[in-house]
Amino acid sequence: MRFSRPDIAALLLLASLPALAGDIAWEGGVTAVFQDSDDSRVESEATLSLDLFASLPRASGEWLVYIEGSTTPNADGVSSFYPTVNGDARSVLTRSGSGSIQVSEFNYTFALAEGRRSLMLGLIDPSAWLDRGRIANDENVHFLNGSFVNNATIEFPDYTLGAVYRRIANGAAPELTFILSGSDGILDMPDRSYQGLLDLTDQGRGVFAGFGAAWLQSEFSWRAGAWLRSDDHVHARDPTRTEMNYGAYGVFGWLSGPHAVNVRAGIANDNVSITSEFVAVAYQHQTRFGLAGAGLARTFIADGFRGDGVDHAWDAELFLRIPVLGGDGHITPSLQYVRNPGFDASGAAASSRALVAGLRFRWSFER
């Protein structure tokens, strides 16, 4: 469990934070995860990540900086063989595959129409603005399995340059979100560099565009939207052809007392998308011991991509989040079941199924 040489920009921003301490608001945390499985070929693995959000309000809006770090994943570890079981691993990698520290987001949000609308410009995370849920949206505090963090059919870019326009809900009028960004993010760059992000005319690059509408009530919430990526994708049945990838999604939420439910569903262009359909159901319940959660997700592989070891996938997770350190931290034992992930770090088909036991520790802070 180690970090490689950190990003210079991240170090400079970290060094500048004390000088702005009187003006900025910041929050973040440290997450440590240990996991082991019943697959004899897979080694147990410990990962560590850190997050720091810093915001600086201004009369016309707000600056936001998000600095993120993660350790180097074990090539024979659980997250390499079964990528969905640890949504916190591999968030920051160098071109050699080592963990590092980087500036993941750096943007400015303009407040428009007396705060009823906003426009964010800069380095953004598109996945933070579409397909959101109240209880299944953060691998640090809710479900650790990535299938309960985002919809598997949406081909989100990693952190990338773009814009987010939002209109908050007003009476019967829904909340609206529009996103336009590059099709490729930092992790998609061969050298994992910001310079690569700026080369918007590079061959094979395109745009990611997304739209979402949300109807939010105290107990119920509904979200629906559509998206597309204009960069070329090879056709599953004819490698001489390329198409855009696109799809649609929906999210339903219910919250009442100690109970909460989240349902996600989505579809994508099965000519070019490995994942053609997706559905996930998550449930959380506040108990006397802590927050308990249970989730089940089904990922459908497009017919053109199915083959030996690559088939429809199941993900399931049970967890109990126990508060510690006066509520600033929590310990979360979990048990996951994964079936037919279809690949591993060596390129061979992984075991068709595995049980993965895990223990997550999270410490959060804010000012």
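Note that the structure is a prediction, hence the values are computed from the model and not measured.

### Some remarks on the overall build of the protein
Argument step 1. Per the secondary structure count, the protein includes three helices and 16 strands.
Argument step 2. The contacts of the protein with a sequence gap of at least 6 include a subset with a gap of at least 24, amounting to 61%.
Argument step 3. Carbon and sulfur atoms form 59% of the exposed surface of the protein, whose accessible area is close to 17,200 Å².

### What to know about the pattern of salt bridges
Argument step 1. Inspection of the entire model under this criterion finds 11 salt bridges.
Argument step 2. Note that Asp-39 is salt-bridged to Arg-41, the shortest N-O span being 3.0 Å.
Argument step 3. With relative accessibility at 8%, the residue Asp-39 sits in the buried group.
Argument step 4. A salt bridge links Asp-131 to Arg-264, with the nearest nitrogen and oxygen atoms 2.9 Å apart. In this pair, Asp-131 is assigned in the loop between strand 5 (117–124) and strand 6 (160–167) and Arg-264 in strand 11 (residues 259–268), connecting sequence segments 133 residues apart.
Argument step 5. Each of Arg-132, Arg-166, Glu-175 and Arg-223 takes part in one network of salt bridges that share partners.

### A short note on the environment of Asp-39
Argument step 1. Its location among the elements puts Asp-39 in the loop between strand 1 (25–37) and strand 2 (45–58).
Argument step 2. C-alpha of Asp-39 to C-alpha of Val-78: the two residues are 39 residues apart in sequence and 9.0 Å apart in space.
Argument step 3. Among the polar contacts listed, one links the side chain of Asp-39 to the side chain of Arg-41, at a separation of 3.0 Å.

### So, the nonpolar core
Argument step 1. The biggest cluster of nonpolar side chains holds 13 residues, and the ones touching the most others in it are Leu-130, Ile-154, Val-164, Ile-179, Phe-208, Trp-227 and Tyr-249.
Argument step 2. Those elements that place two or more of their residues in this core are strand 5 and strand 10 (242–256).
Argument step 3. The next biggest cluster of nonpolar side chains, apart from the first, holds 10 residues, and it includes Ile-135, Ala-136, Phe-278 and Phe-319.

### Describing the pairing of strand 1
Argument step 1. Pairing geometry for strand 1 and strand 2, over 11 bridges, is antiparallel. Bridging from a neighbouring strand, Gly-29 pairs with Asp-51 of strand 2.
Argument step 2. The pairing of strand 1 with strand 16 (residues 353–366) spans 11 bridges and is classified as antiparallel. What sits directly across from Thr-31, in strand 16, is Arg-362.

### Details of the packing of aromatic side chains
Argument step 1. A complete count under the given rule lists 17 aromatic pairs for this structure.
Argument step 2. The interplanar angle of 40° and the centroid separation of 6.5 Å between the aromatic rings of Phe-81 and Tyr-82 together place this pair among those described as tilted. Like Tyr-82, Phe-81 is buried.
Argument step 3. Ring plane angle 20° and centroid distance 5.8 Å describe the contact between Phe-220 and Trp-222, whose orientation is recorded as stacked.
Argument step 4. Given a relative accessible area of 37%, Trp-222 falls into the partly exposed group.
Argument step 5. Pairwise contacts between aromatic rings join Trp-63, Phe-106, Tyr-108 and Phe-110 into one cluster.
Argument step 6. The cationic tip of Arg-298 hangs over the ring face of Phe-300; the distance from NZ or CZ to the ring centre is 5.3 Å.

### Looking at the environment of Asn-145
Argument step 1. Looking at the secondary structure, you find Asn-145 in the loop between strand 5 and strand 6.
Argument step 2. Accessibility expressed as a relative area gives 0% for Asn-145, which makes it buried.
Argument step 3. Here the alpha-carbon distance between Asn-145 and Pro-83, two residues 62 residues apart in the chain, equals 8.7 Å.
Argument step 4. A polar contact is formed between the side chain of Asn-145 and the backbone nitrogen of Ser-147, at a distance of 2.8 Å.
Argument step 5. One polar contact links Asn-145 to Gln-336, side chain to side chain, over a distance of 2.7 Å.

### What to know about unusual backbone geometry
Argument step 1. One non-glycine residue, Ala-113, lies in the positive phi region at around 50°.
Argument step 2. Tracing the sequence through the fold places Ala-113 in the loop between strand 4 (100–112) and strand 5.
Argument step 3. Using a relative accessible area of 33% as the deciding quantity, one classes Ala-113 as partly exposed.
Argument step 4. The phi torsion at Leu-325 lies on the positive side, around 55°, for a residue other than glycine.

### Re the side chain of Thr-299
Argument step 1. With respect to the element layout, Thr-299 can be found in strand 13 (residues 291–301).
Argument step 2. The exposure class of Thr-299 is buried, given its relative accessible area of 8%.
Argument step 3. Discounting residues that sit within four places of it in the chain, Thr-299 has contacts with Ala-152, Thr-275, Glu-277, Phe-278, His-312 and Ala-313.

### What about the confidence of the model for the protein?
One rule of thumb: low pLDDT means the predicted coordinates there are not for detailed reading.
Argument step 1. For the protein, the mean per-residue pLDDT works out to 88, and 90% of the residues sit at or above 70.
Argument step 2. Of all the helices and strands in the protein, helix 1 (residues 8–16) carries the lowest mean pLDDT, 57, while strand 11 carries the highest, 97.
Argument step 3. Here residues 343–350 scores under 50 on pLDDT; set against residues more than four positions off or in separate chains, the count is 20 contacts.

Rules behind the numbers
Residues numbered from 1 in each chain as written. Predicted model: local features only at pLDDT ≥ 70, side-chain atom pairs only at ≥ 80, totals over all residues. Heavy atoms only, no water. Helix = DSSP H or I, 4+ residues; strand = E, 2+ residues; numbered from the N terminus. Contact = heavy atoms within 4.5 Å. Areas by Shrake-Rupley, 256 points an atom, 1.4 Å probe, with all protein chains shown as cover. Salt bridge = Lys/Arg side-chain N within 4 Å of Asp/Glu carboxyl O. Buried < 20%, exposed > 50% of the residue type's maximum accessible area, 1.4 Å probe, protein only. Polar contact = N/O pair within 3.5 Å; in protein donor to acceptor, adjacent residues only side chain to side chain. Core = buried A, V, L, I, M, F, W, Y, C linked by side-chain atoms within 4.5 Å. Pairing = 2+ DSSP bridges. Phe/Tyr/Trp six-rings, centres within 6.5 Å; stacked < 30°, edge-to-face > 60°. Lys NZ or Arg CZ within 6 Å of the ring centre and 35° of its normal. pLDDT = per-residue confidence, 0-100.

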